[in-house]
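Examination of the molecular architecture
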Amino acid sequence: MRLTTLSALFFSVLLTTSAKVSVLTLAVVLPVDATAQEAERKTRRVPTLRSRVYEQFSRAQAAADEDNVAGALQILDEVKDKSSSMNSYELAMMYNFYGFIYYGNEQFDKAIESFKLVVEQAPIPETFEQTTLFSLAQLYMMRGEFNLAVEALDRWEALSTGTIPPRNRIIKAQAYYQNKQYEEAINLIEGAIADHEAEGYQVDESWLILQRAVYYELKQPEKVKDVLVKMVKMFNEPKYWIQLAGMYGELEEERKQLAIMEAAYQQGFIETSSDTFNLAQLYYFNEAPYKSARLMEQAMETGLLERNLRNLKFTAQSWNLAKETKKAIPVMQEAAALSADGELDAQLSQLYMNNEQWAQAIAAADKAIEKGDLRNPGIPHLVKGMSLFNQKQYALALNELAEAEKYAQSKRMAQQWGQYFQSEIQRLEASGS
């Protein structure tokens, strides 16, 4: 840990929240000489940091600069033993130094207690008190003590005579968010972002992440979408494209959802199996089954998607909807082989029949009947009946239609085909064919 004389030193503190909010800074005020000390004072009359006390702080700082933490603490302890003779400013500087050292060694509870003692001293320079309160707020956030963070920031604001900086409002909003006080949080976030942008600055990515998270909790999907549109434009990150597409889906704007996902795909942002499958589904349900099937085939060829039952079945259905029966058949064969029930074999039998492969259609229908557990058990019998008829096996064809009539879902269709078969058989017999 290295301390810098006559300056403020900043440490990064990552706040681990579900909204993944910003990396903040912990400001630590170090001992200053008489000139800088005078500049620190605002309107309060603050006692002087005497030279003999300053010399002890300098010794402690020198030890800390050499990473001799134990030595620095020992010197501070010696100073503390004489605390009864110290004024408020000297005590505050001593406790601040303790807090700084404890923080640097990740003894956060002790750091908090030390900084609390800093702000209990009076009088001390207002800027010093504000800086310490800000550090306390961040430490409370890091420790998950969000109510105390808000209290520290309230005290900071009470000392301020000007506009509250946007970053302070964001930290307070983070605390409110963690406490599920979403209305309080969003008012602070909106104001902070608006003011920061009005000054010509680009807002931090983490601020927008927090804003999006709060809007989501407030069940305002339109505003979540608007924030994500902004994030896509500003940062062009794959995850924001995917999230934006998801919000369009939640808003039931499927065309825009597809457009965003396709744009993400063209930029190489569709990298996971789940996102790939989602895009394929969007193509399928937005009347682009050929694109759906091609995407699925490519993803399975590269290994991004497994050749499992779900993926094969969906790919075959996409080829079929695209009227690419010949491409659908081998994929459906592979899917049916993986299925325990006969449903996909029944669909395969229909594909064969549509492609006028009568023998294969009959074999697939038999397999479907053998496996069973069908949503419409009459369909394989209908397929067999029509395939047998085209093979001129009329008696067997009529027998299969009779089987199909036994099921309510296929009864009417079986009767209609039966009537047609009978008339065709009579016509053929009359013509001698």
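Heads up: these notes are all about the structure in this document.

Cut-offs used in this document
The residue count restarts for each chain, going from 1 along the sequence in the order it is written. The predicted origin of the model limits local features to residues at a pLDDT of at least 70 and limits the giving and counting of side-chain atom pairs to 80 or more, whereas totals for whole chains, interfaces and linings rest on all residues. Just so you know, side-chain values use all the structure's heavy atoms and leave hydrogens and water out. Here a helix means four or more residues in a row that DSSP labels H or I, a strand means two or more in a row labelled E, and each is numbered from the N terminus. Exposure categories follow from relative accessible area, calculated using a 1.4 Å probe and restricted to protein chains: below 20% of the type maximum is buried, above 50% is exposed, and the middle band is partly exposed. Contact criterion: two residues are considered in contact whenever any of their non-hydrogen atoms come within 4.5 Å of each other. Each accessible area value is a Shrake-Rupley result obtained with a 1.4 Å probe; residue values ignore everything except the protein chains displayed when judging cover. Here an angle of 0 to 180 degrees is reported between the N-to-C directions of two axes, which are lines fitted to C-alpha atoms, with helices fitted over the stretch in contact. Every angle not falling under 35 degrees, over 145, or within 65 to 115 is termed oblique; those three ranges are roughly parallel, roughly antiparallel and roughly perpendicular. Whether a crossing is left-handed or right-handed is set by the direction in which the near helix is turned from the far one by less than a right angle, anticlockwise for left-handed and clockwise for right-handed. Under the grouping applied here, Gly and all other residues not named as nonpolar or charged are polar, the nonpolar ones being Ala, Val, Leu, Ile, Met, Phe, Trp, Tyr, Cys and Pro and the charged ones Asp, Glu, Lys and Arg. Working definition of a nonpolar core: buried Ala, Val, Leu, Ile, Met, Phe, Trp, Tyr and Cys residues. They are joined through side-chain atoms within 4.5 Å. The aromatic pairing rule takes the rings of Phe, Tyr and Trp, using the six-membered ring of Trp, and pairs them if the centres are within 6.5 Å, calling planes under 30 degrees apart stacked, those over 60 edge-to-face and the rest tilted. For a lysine, the NZ atom is tested; for an arginine, the CZ atom; a charge sits over a ring if that atom is within 6 Å of the ring centre and within 35 degrees of the ring normal. In this analysis, a patch consists of residues with relative accessible area above 30% that form no salt bridge, clustered at 9 Å for like charges and at 5 Å for the nonpolar side chains Val, Leu, Ile, Met, Phe, Trp and Tyr. A pairing counts as a salt bridge when a side-chain nitrogen of Lys or Arg comes within 4 Å of a carboxyl oxygen of Asp or Glu. Under the convention used throughout, the expected extent of a helix is 1.5 Å for every residue step, that is, one less than its residue count. Of all possible arcs, the one meant is that of the directions from the helix axis to the C-beta atoms.

**Quick word on the overall build of the protein**
What the protein contains, in helices and strands, is 22 helices and 2 strands. By the burial criterion, 49% of the 433 residues in the protein qualify as buried. For the protein, restricting intrachain contacts to residue pairs at least 6 apart in sequence, the fraction spanning at least 24 positions comes to 54%. Summed over its atoms, the accessible surface of the protein is roughly 21500 Å², and 48% of this surface lies on carbon and sulfur atoms.

**Brief notes about the packing of helix α8 (residues 166-178) against helix α9 (residues 182-198)**
Packed helix pairs are specified by the crossing angle of their axes together with the interaxial distance, meaning the distance between the axes. In contact at an axis separation of 8 Å, α8 and α9 are set at 160° when each is read in the N-to-C sense. Between α8 and α9, the interaxial angle falls into the category roughly antiparallel. Taken as a pair, α8 and α9 cross one another with a handedness that is left-handed. Here α8 contributes P166, R169, I170, K172, A173, Y176 and Y177 to the contact with α9, which in turn contributes Y182, E184, A185, L188, I189, G191, A192, D195 and H196. Split by residue class, the contact of α8 with α9 holds 10 nonpolar, 2 polar and 4 charged.

**Looking at the nonpolar core**
Nonpolar side chains tend to gather and get buried jointly when the protein is soluble and globular. The biggest cluster of nonpolar side chains holds 130 residues, and the ones touching the most others in it are F57, M94, I189, V214 and M231. Tallying contributions element by element places helix α4 (residues 88-104) first for this core, with 11 residues.

**Remarks on the packing of aromatic side chains**
For the structure on display, the rule yields 16 aromatic pairs. Look at Y290 and W319: their rings are 5.4 Å apart centre to centre, the planes differ by 80°, and that puts the pair in the edge-to-face class. Residue Y290 is located in helix α15 (residues 289-302), and its partner W319 is located in helix α16 (residues 309-321); the two are separated by 29 residues in the primary sequence. Between F389 and Y394 the ring centres are 5.1 Å apart and the planes differ by 55°, which places this aromatic pair in the tilted class. Residue Y394 is classed as partly exposed on the basis of its relative accessible area of 24%. Members of the aromatic cluster, each reached through a chain of ring pairs, are F389, Y394, W417, Y420 and F421. It is K80 that lies over the ring of Y98; its NZ or CZ is 5.7 Å from the centre. Cation over ring: R310 sits above F277, and NZ or CZ is 3.6 Å from the ring centre.

**Quick word on a nonpolar patch on the surface**
There is a patch of nonpolar side chains on the surface, built from M413, W417 and Y420 and spanning about 280 Å² of accessible area. By the secondary structure assignment, Y420 is in helix α22 (residues 408-431). We classify Y420 as partly exposed; its relative accessible area is 39%.

**What to know about the environment of E334**
Summarising the element assignment, E334 is placed in helix α17 (residues 325-338). A relative accessible area of 31% means that E334 is categorised as partly exposed. Note: C-alpha distance between E334 and R307 (27 residues apart in sequence) is 8.9 Å. Look past the residues within four positions of E334 in its chain and what remains in contact with it is R307 and L312.

**Some thoughts on the side chain of N286**
Inspection of the secondary structure assignment puts N286 in the loop between α14 (273-285) and α15. In contact with N286, not counting residues within four places along its chain, are E254, R255 and L258.

**Some remarks on the environment of D275**
Relative to the assigned elements, D275 resides in helix α14. Residues D275 and Y265, 10 residues apart in the sequence, show an inter-C-alpha distance of 9.5 Å. Discounting chain neighbours no more than four positions away, the residues touching D275 are I242, M261 and I270.

**Notes on the pattern of salt bridges**
Side chains that differ in sign of charge can pair as their charged atoms come close. Under the defined criterion, the tally for this structure stands at 20 salt bridges. Taking the shortest distance from any N to any O, the salt bridge between E113 and K116 comes out at 3.5 Å. With a gap of 3 residues between them, E113 and K116 both fall in helix α5 (residues 108-120), about one helical turn apart. Given a relative accessible area of 30%, K116 falls into the partly exposed group.

**Focus: α5**
Under the 1.5 Å per step criterion, the end-to-end length of α5 is 18 Å for 13 residues, consistent within 8% with the ideal 18 Å. By the burial criterion, the buried members of α5 are F108, A111, I112, S114, F115, V118 and V119. One side of α5 carries all its buried residues, which in axial view fall inside an arc of 165°. Among the structural elements, α4, α6 (126-142) and α7 (146-159) are those in contact with the buried residues of α5.

**Observations regarding the packing of helix α3 (residues 69-80) against α4**
Look at α3 against α4: their axes get within 11 Å of each other, and the N-to-C directions meet at 160°. With respect to each other, α3 and α4 are oriented roughly antiparallel. Crossing angle aside, the handedness with which α3 passes α4 is left-handed. For the pair α3 and α4, the contacting residues are V69, A72, L73, L76, D77, V79 and K80 in the first and M94, Y95, F97, Y98, I101 and Y102 in the second.

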